[in-house]
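Summary of the model geometry
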Amino acid sequence: VQLVESGGGLVQPGGSLRLSCAASGSIFSISVMGWYRQAPGKDRELVAAITSGGSTNYADSVKGRFTISRDNAKNTVYLQMNSLKLEDTAVYYCNAKDPFIDAWGQGTLVTVSS
């Protein structure tokens, strides 16, 4: 499966963005779809994940501000990001993972700046 992220850009602190991750194939049976991010000089970290059953998991730093969702009919995963902070600036990557797949997108840059 190939993944293509979109929706990044420049936003002011307190603003919102919605990232999309479009898959080339069906994501219905993929165990976990996730969003990761990597800020300059830092390691890549998990932001949010959603299982095929709809269970979600979030990094503590984004709980209450970010929401992950998946639309299996559109083979797309979303990350709604609200109340953005300067420290949310990073390249955001989509990931698809199950016993047979570990696929990454090319990333989309999110810059939070005043």
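Relevant structure appears above.
This report concerns the structure included in the present document. (Residues numbered from 1 in each chain as written. Predicted model: local features only at pLDDT ≥ 70, side-chain atom pairs only at ≥ 80, totals over all residues. Heavy atoms only, no water.)

**Description of the side chain of Asp88**
Relative to the assigned elements, Asp88 resides in the loop between strand 8 (76-81) and strand 9 (90-98). Sequence-distant contacts of Asp88, that is, excluding residues within four places in its chain, are made with Arg37, Arg65, Phe66, Ser83, Val110 and Val112. (Helix = DSSP H or I, 4+ residues; strand = E, 2+ residues; numbered from the N terminus. Contact = heavy atoms within 4.5 Å.)

**Side note on the packing of aromatic side chains**
Using the criterion set out here, one finds 1 aromatic pair in the structure. Across from the ring centre of Tyr93, 3.8 Å away, lies the NZ or CZ of Arg44, which sits over that ring. The ring centre of Trp104 lies 4.7 Å from the NZ or CZ of Arg44, which sits over that ring. (Phe/Tyr/Trp six-rings, centres within 6.5 Å; stacked < 30°, edge-to-face > 60°. Lys NZ or Arg CZ within 6 Å of the ring centre and 35° of its normal.)

**Side note on the nonpolar core**
Met33, Trp35, Leu79, Met81 and Tyr92 are the most contacted members of the largest nonpolar core, which totals 30 residues. Secondary-structure elements contributing two or more residues to this core are strand 3 (17-23), strand 4 (32-38), strand 5 (45-51), strand 7 (66-71), strand 8, strand 9 and strand 11 (108-112). (Core = buried A, V, L, I, M, F, W, Y, C linked by side-chain atoms within 4.5 Å. Buried < 20%, exposed > 50% of the residue type's maximum accessible area, 1.4 Å probe, protein only.)

**Regarding the sheet that holds strand 3**
Each strand in a sheet pairs with its neighbour through backbone hydrogen bonds, running either in the same direction (parallel) or in the opposite one (antiparallel). Taken in spatial order, the 4 strands make up an open sheet running 1-3-8-7, and their pairing is antiparallel. Every other strand in the sheet has two partners, leaving strand 1 (3-6) and strand 7 as the edge strands with one partner each. The average undirected angle you get between the axes of adjacent strands in this sheet is 15°. By the bridge criterion, 4 bridges tie strand 1 to strand 3 in an arrangement that is antiparallel. From the neighbouring strand, Ser6 faces strand 3, where its bridge partner is Ser20. (Pairing = 2+ DSSP bridges. Axes fitted to C-alpha atoms, helices over the stretch in contact; angles between N-to-C directions.)

**Considerations on the state of the cysteines**
Overall, the coordinates contain 1 disulfide when judged by the stated rule. Across the disulfide from Cys21 sits Cys94; the S-S distance is 2.1 Å. Between Cys21 and Cys94, the disulfide has an S-S torsion of -80° and is therefore left-handed. Of this pair, Cys21 sits in strand 3 while Cys94 sits in strand 9, and the two are 73 residues apart along the sequence. On the basis of relative accessible area, Cys94 is assigned to the buried category, the value being 0%. (Disulfide = S-S within 2.5 Å.)

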